[in-house]
Amino acid sequence: MTKKILAYIDHFHGKVQSASWEGMGLAVRIAADSGGEAAALILGEGIKDLADQAFHYGADQVYLADHAVLKDFRPEPLTDLITAAAEEYQPDVMIFPTTTRGRTLAGMAAVDLDTGVMVDVINLDWGGGKLSATRPIYGGKLFAKLTCSSSPEIVTLRTRAFDKPEPDPERSGTVTNLDVKLDPADQTTKVLDHQEKASAVSLSDASVIVTGGRGTAVNPALTPPDDLDEEAVEKWKAEKGFALVQNLADVLGAAVGASRAAVDAGYIEYDHQVGQTGKVVSPDLYIACGISGAIQHLAGMRSSKVIVAINKDPDAPIFNFARFGMVGDMHEILPPLTDGLKAYLEG
Amino acid sequence: MKIVVCVKQVPDTAATMVVENGNISWGDAPLIINPWDEFAVEAALNLAADHGGEVTALCLGKEEETEAIKHALAMGADAAVMVSDPALEGSDNVAASKVISAAITKIGEVDLVLFGQQSVDTDTGLLPVQVARLLNWPSLTLVSKFEGITPAEGRLQVVRSMEEGNQVVESRMPAVVSVTKDYGEPRYPSFMGIRKASKAEYPVWSLADLGIDPPSSTIAWPEVSEPAEKEIVTEVIDGDTPEEKAKNLIDKLIAEKVL
Ligand SMILES: Cc1cc2nc3c(=O)[nH]c(=O)nc-3n(C[C@H](O)[C@H](O)[C@H](O)COP(=O)(O)OP(=O)(O)OC[C@H]3O[C@@H](n4cnc5c(N)ncnc54)[C@H](O)[C@@H]3O)c2cc1C
Ligand SMILES: Nc1ncnc2c1ncn2[C@@H]1O[C@H](COP(=O)(O)O)[C@@H](O)[C@H]1O
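Remember, it's a predicted structure, so these values are computed and weren't measured experimentally.

Q: Provide a residue-level description of the pairing of strand β14 (residues 208-212) of chain A, including the pertinent values.
A: Residues in a regular strand point their side chains to alternate faces of the sheet. Residue and element names in this part refer to chain A. Counting buried residues in β14 gives five out of five residues, a clear majority hidden from the surface. Alternating residues of β14 divide into V208, V210 and G212 and I209 and T211, and every residue in both groups is buried. Sheet analysis places β14 next to strand β16 (residues 285-289), joined by five bridges and oriented parallel. Bridge assignment links V210 to a residue of β16, and that residue is I287. Of the pairings in the sheet, the one linking β14 to strand β15 (residues 255-258) comprises four bridges and is parallel in character. Along β15, the bridge assignment pairs G212 with A258. Taken together, β14, helix α5 (residues 230-252) and β15 form a β-α-β motif whose crossover is right-handed.

Q: Before we move on, could you go through the site of ligand 1 and cite the residues and values that matter?
A: Of all residues adjacent to ligand 1, which total 28 residues, the nearest are S259(A), T277(A), S292(A), Q296(A) and N311(A). Neighbouring residues of ligand 1 are distributed over chains A and B. Backbone polar atom of R260(A) to an oxygen atom of ligand 1: 2.9 Å apart, as the coordinates give it. A distance of 2.7 Å is found between an oxygen atom of ligand 1 and a side-chain nitrogen or oxygen belonging to H297(A). Out of a free accessible area of 990 Å², ligand 1 has 82% covered by protein chains.

Q: Talk me through empty space enclosed by the protein; I want residue IDs and the actual numbers.
A: Evaluated as defined, the whole model comprises three cavities of 30 Å³ or more. By volume, the largest cavity is sized at about 120 Å³. Considering the residues around the largest cavity, the lining is formed by 14 residues, among which H11(A), L70(A), F73(A), L78(A) and R101(A) are closest to the centre. Elements supplying a minimum of two residues to the lining of the largest cavity: β2 (11-12), β4 (37-44) and α4 (100-113) of chain A. Its boundaries defined by the atoms lining it, the second largest cavity holds a volume of some 50 Å³. Around the second largest cavity, the lining residues are F73(A), R74(A), P75(A), E76(A), T189(A), V191(A), S139(B), L140(B), R160(B), Q167(B) and V169(B). Residue composition of the lining of the second largest cavity, by class: five nonpolar, three polar and three charged.

Q: Let's hear about the packing of helix α2 (residues 67-75) of chain B against helix α5 (residues 191-199) of chain B: which residues, and what values?
A: Residues and elements named next belong to chain B. Put simply, α2 and α5 touch, their axes get as near as 7 Å, and they point 135° apart. In this view, α2 runs oblique relative to α5, as classed from their interaxial angle. Our pair here, α2 against α5, has a crossing hand that is right-handed. Packed against α2, whose contacting residues are K70, L73 and A74, the element α5 presents G193, I194, A197 and S198 at the interface.

Q: Now, about the sheet that holds strand β7 (residues 117-121) of chain A: what can you tell me, with residues and values included?
A: All names here are of chain A. The strand order across the open sheet formed by seven strands is β7-β11-β6-β1-β4-β5-β12, and the pairing between neighbours is parallel. Of all strands in the sheet, those with a lone pairing partner are β7 and β12 (174-177), marking the two edges. The average angle at which neighbouring strand axes cross in this sheet is 20°, direction not considered. One ladder, built from five bridges, connects strand β1 (residues 4-8) with β4; its direction is parallel. Of the residues in β4, the one forming a bridge with A7 is A40. Sitting on the sheet, α4 touches β1, β6 (93-97), β7 and β11 (153-157), and the angle it makes with β6 is about 155°.

Q: Tell me about the pattern of salt bridges, and please be specific about residues and values.
A: Taken as a whole and assessed by the stated rule, the structure comprises 21 salt bridges over all chains. With its nearest N and O atoms 3.9 Å apart, the salt bridge here joins E153(A) to K130(A). Separated by 23 residues along the polypeptide, E153(A) in strand β11 and K130(A) in the loop between β8 (123-125) and β9 (132-137) bring together distant segments of the chain. On the basis of relative accessible area, E153(A) is assigned to the buried category, the value being 2%. Owing to a relative accessible area of 40%, K130(A) belongs among the partly exposed residues under this scheme. The shortest N-O distance in the salt bridge between R260(A) and D264(A) comes to 3.0 Å. Note that R260(A) and D264(A) are positioned in helix α6 (residues 260-264) at a spacing of four residues, about one turn of the helix. Among the ionic contacts, a cluster of salt bridges with common partners joins R323(A), E235(B), K252(B) and E256(B).

Q: Describe the interface of chain B and chain A, naming the residues involved and giving the relevant values.
A: Tallying the contact residues gives 81 residues for chain B and 87 residues for chain A. Interface area, chain B with chain A, both sides summed: about 7100 Å², of which 57% is carbon and sulfur. Counting every contact that joins chain B to chain A gives eight salt bridges. Taking the shortest distance from any N to any O, the salt bridge between K181(B) and D264(A) comes out at 3.1 Å.

Q: Can you break down the site of ligand 2 residue by residue, with the values?
A: All names here are of chain B. The environment of ligand 2 is formed by 21 residues, the closest being C6, D37, L60, S119 and G125. Here V7 contributes a backbone N or O atom positioned 3.4 Å from a nitrogen atom of ligand 2. The side chain of D37 places a nitrogen or oxygen atom 2.5 Å from an oxygen atom of ligand 2. Isolated, ligand 2 exposes 490 Å² of accessible area, and the fraction of that covered by the protein chains is 96%. Counting residues per element, the ones that place at least two in the shell around ligand 2 are β6 (54-60), α3 (93-107), β8 (112-116) and α4 (127-135). Top element by residues in the shell around ligand 2 is β6. It accounts for three residues.

Q: Kindly report on the packing of α5(A) against helix α8 (residues 330-346) of chain A, identifying the contributing residues and their values.
A: Residues and elements named next belong to chain A. Relative to each other, α5 and α8 sit at 15°, their axes nearing to 9 Å. Here α8 runs roughly parallel to α5, going by the angle between their axes. Where α5 crosses over α8, the two elements pack in a sense that is left-handed. Where α5 abuts α8, its residues G241, L244, V245, N247, L248, V251 and L252 lie against M330, H331, L334, P335, L337, T338, L341, K342 and L345.

Q: So what about the sheet that holds strand β14 (residues 219-225) of chain B? Which residues, and what values?
A: Pairing within the open sheet is antiparallel, and its four strands lie in the order β8(A)-β9(A)-β10(A)-β14(B). Each edge of the open sheet is held by one strand with a lone partner, namely β8 of chain A together with β14 of chain B. Looking at each pair of strands side by side, their axes are set apart by 30° on average, direction ignored. Relative to β14(B), strand β10 (residues 142-148) of chain A runs antiparallel, the two being bridged by five bridges. Within β14(B), the residue paired with T147(A) across the bridge is A220(B).

Q: Before we move on, could you go through unusual backbone geometry and cite the residues and values that matter?
A: The omega angle of the peptide bond from S151(A) to P152(A) is -5°, so this bond is cis rather than trans. Turning to its location among the elements, P152(A) is positioned in the loop between β10 and β11. Even without a glycine there, the phi angle at D120(A) is positive, about 60°. Position of D120(A) relative to the elements: it lies in strand β7. The exposure class assigned to D120(A) is buried, which follows from its relative accessible area of 10%. The phi dihedral of N21(B) falls on the positive side, at around 50°, and the residue is not glycine. Looking at the secondary structure, you find N21(B) in the loop between β3 (18-20) and β4 (23-25). For N21(B), a relative accessible area of 79% puts it in the exposed group.

Reading guide: rules and limits
The written sequence of each chain sets the order in which its residues are numbered from 1. All chains are assigned letters beginning with A, and all ligands numbers beginning with 1, in the order in which they are written. Where local features are concerned, this predicted model is filtered to residues with pLDDT of at least 70; where side-chain atom pairs are given and counted, the filter is 80 or more; whole-chain, interface and lining totals use all residues. To obtain the side-chain values, all non-hydrogen atoms of the structure were included, while hydrogens and water were left out. For each residue, the accessible area found with a 1.4 Å probe, counting protein chains only, is set against the maximum for its type, and the residue is called buried under 20%, exposed over 50%, and partly exposed in between. Elements are defined by DSSP. Helices are runs of H or I of four residues or more, strands are runs of E of two residues or more, and each kind is numbered from the N terminus. DSSP calls a pair of strands paired once it identifies at least 2 bridges connecting them. By definition, the crossover connecting two strands over a helix is right-handed if that path, from the first strand to the second, turns clockwise as seen with the strands pointing away from the viewer. Whether a residue is near a molecule or strand is decided by its heavy atoms; if any one of them lies within 4 Å of it, the residue is near. Polar contacts here mean pairs of N or O atoms no more than 3.5 Å apart (in protein, one a potential hydrogen donor and the other a potential acceptor; neighbouring residues in sequence count only if both atoms are side-chain atoms). Using a 1.4 Å probe, accessible areas were evaluated by the Shrake-Rupley method; residue-level cover was limited to the displayed protein chains. Points on a 1 Å grid, built from protein atoms alone, make a cavity when a 1.4 Å probe fits but cannot get out and make a pocket when they are open with protein on both sides within 12 Å along at least 5 of 7 lines; residues with an atom within 4 Å of a point are the lining residues. Grid points are joined across faces, edges and corners, and a volume is the space filled by probe spheres set on the points. For this scheme, ten residues count as nonpolar: Ala, Val, Leu, Ile, Met, Phe, Trp, Tyr, Cys and Pro. Four count as charged, namely Asp, Glu, Lys and Arg, and the remainder, Gly too, count as polar. To obtain each axis, a line is fitted to C-alpha atoms, and for helices this fit is confined to the stretch in contact; angles are then taken between N-to-C directions over 0 to 180 degrees. Should an angle fall under 35 degrees it is taken as roughly parallel, and over 145 as roughly antiparallel, whereas 65 to 115 is taken as roughly perpendicular and any remaining angle as oblique. Crossing handedness is read from the near helix: turned anticlockwise from the far helix by less than a right angle, it gives a left-handed crossing, and turned clockwise, a right-handed one. We call two residues contacting when some pair of their heavy atoms lies within 4.5 Å. Definition used for salt bridges: Asp or Glu carboxyl oxygen within 4 Å of a side-chain nitrogen of Lys or Arg. Throughout, the accessible surface (probe 1.4 Å) given up by two parts as they are put together, summed over both, is called the buried area.

Here you go:
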């Protein structure tokens with residue numbers, strides 16, 4: 001059966017979340033196997049050039065709405081357009097990235113289209129006509145295979161679980177402009193402001209992550225200023241510890257993560273938390289510094305390709321999941337490790 | 001203000017999950033309120049305290065799955081409703097959201113529905129937005145802060161998070177909000193609260209009480225499995241000094257083409 005696949009391209013003010021192209025690539029592969037076709041859906045303001053990119057990544061067609069009312073992320077008007085596009089194109093499969101926006105829009109569009117969503121999928125099988133999607137449940141402790149008996153079948157893809165295709169700058173295709181019948185005076189929601197985040201690298205699509213745990217604050221060799229109370233000393237030490245983590249991350253072009261214990265103790269913001277109640281990540285390289293490896297932390301990172309653990313306790317559970325383990329003080333090991341890697345990468 | 005907070009019972013996050021004869025089991029691990037939902041209850045209680053009003057905890061589940069409701073009541077929720085019906089066994093998210101929407105409608109005159117960010121068992125994070133869509137109320141996900149609420153004007157302002165930063169959004173009410181951990185630590189139930197909750201009575205509504213037919217589910221999960229044991233051979237990196245250890249690790253990373 002030939003399949004029509006519609007891939008939603010998630011972006012922020014024109015900056016695409018790379019998992020969107022992973023979804024585009026998957027759409028193209030399913031289409032190719034079934035003799036069908038793949039289209040991209042792009043909504044926003046001033047985003048016409050994204051259509052070219054979608055063609056480069058393999059789209060046969062692009063559905064586009066470029067309109068001032070779509071400048072900011074507001075789920076209601078975006079969902080209206082997604083539903084309208086689906087009703088026009090009649091896809092068999094819709095693919096979204098599992099970004100904050102992608103999850104929301106997939107869920108809402110499913111209600112409009114009276115179908116279901118298979119969310120945060122890490123593996124997809126389309127050989128049997130209907131999809132069979134694998135996804136982690138219970139924070140990655142188990143896996144479930146899902147099917148959807150209604151149409152369109154909607155999936156959201158976990159970031160980095162599917163390959164990003166090589167763009168082909170020669171490709172092009174047809175653009176269909178969607179009719180935007182939205183009321184600019186609609187006051188349902190209004191975005192008043194956007195506050196940028198300090199950290200430039202986002203955890204979910206980082207290929208290397210360096211993480212600090214409670215061990216960042218355990219460094220008897222440091223002498224803190226003597227006007228600090230116990231809690232302030234701990235934070236002062238953690239700041240030094242996380243600076244070492246940050247230095248290593250900078251050298252590797254990596255994102256900085258943290259355990260919940262480090263977040264709860266106020267060493268670093270929640271945005272950095274990895275684990276069952278934080279971000280779930282699967283980088284190529286994960287370096288855990290001063291982290292014990294609690295089950296809730298492991299849930300968020302155990303699918304990383306190579307795990308390196310630095311911990312002074314040889315019995316720390318994290319070592320059971322690490323490819324390489326270093327027993328020792330992270331505060332002593334990180335500086336020479338950072339310098340050595342810097343020398344290697346620059347040389 | 002009338003606030004509904006949706007809570008779910010889940011196995012403890014420290015539980016070891018196994019699959020026995022195709023069924024999911026957590027052994028004798030304790031059952032708890034979905035940890036994300038504690039933040040939603042905390043926000044609900046603070047909003048009710050600041051703006052006046054009452055908080056109702058709403059749970060869809062088996063009648064004996066009382067842990068989430070009891071915890072919300074012990075934290076200070078004024079009332080609770082359980083929705084339970086044998087026909088709901090194996091419901092998918094869309095079906096569940098239809099039932100929860102119907103329950104919110106039956107509760108009536110609700111200004112705000114709060115959700116946790118997602119369930120730690122199914123990890124979907126879909127219910128809040130699907131309930132919002134069904135009720136045709138704005139959906140405000142991943143909210144860390146409530147900056148201004150004017151119940152009289154039916155407006156609220158929140159800070160919600162995305163990958164690229166935070167959005168400050170003004171919205172009409174009633175609205176659906178999912179609350180993140182960034183909101184702030186949930187309170188512990190007091191001794192008095194726990195005693196009150198253990199004696200609390202609350203209605204259990206069936207689908208007939210809600211006046212709806214069993215909604216159909218289209219997502220099925222015919223197969224669950226434990227992760228294939230990844231054969232991890234841990235290599236301990238030795239060295240007499242930290243410098244030597246660092247160098248040995250770098251050599252290994254190069255040799256295995258990790259770098
Ligand atoms: C509902 C719930 C949800 C949770 N969700 C998450 C989650 O999403 N993410 C998460 O991370 N946790 C989560 N947790 C918490 C989890 O159970 C652990 O408490 C937490 O992961 C521990 O963090 P840690 O490893 O930094 O601290 P610890 O367990 O205290 O470990 C610190 C480690 O650092 C080592 N160390 C100390 N000093 C040094 C040094 N100088 N050099 C090297 N090593 C050193 C110690 O040997 C120790 O192994 C959750 C818990 C609950 C109950
Ligand atoms: N059975 C349920 N009863 C009441 N609320 C629920 C139920 N399941 C999920 N929720 C709420 O919906 C949120 C998101 O859940 P989910 O979409 O299942 O990940 C949770 O944090 C809860 O607030």
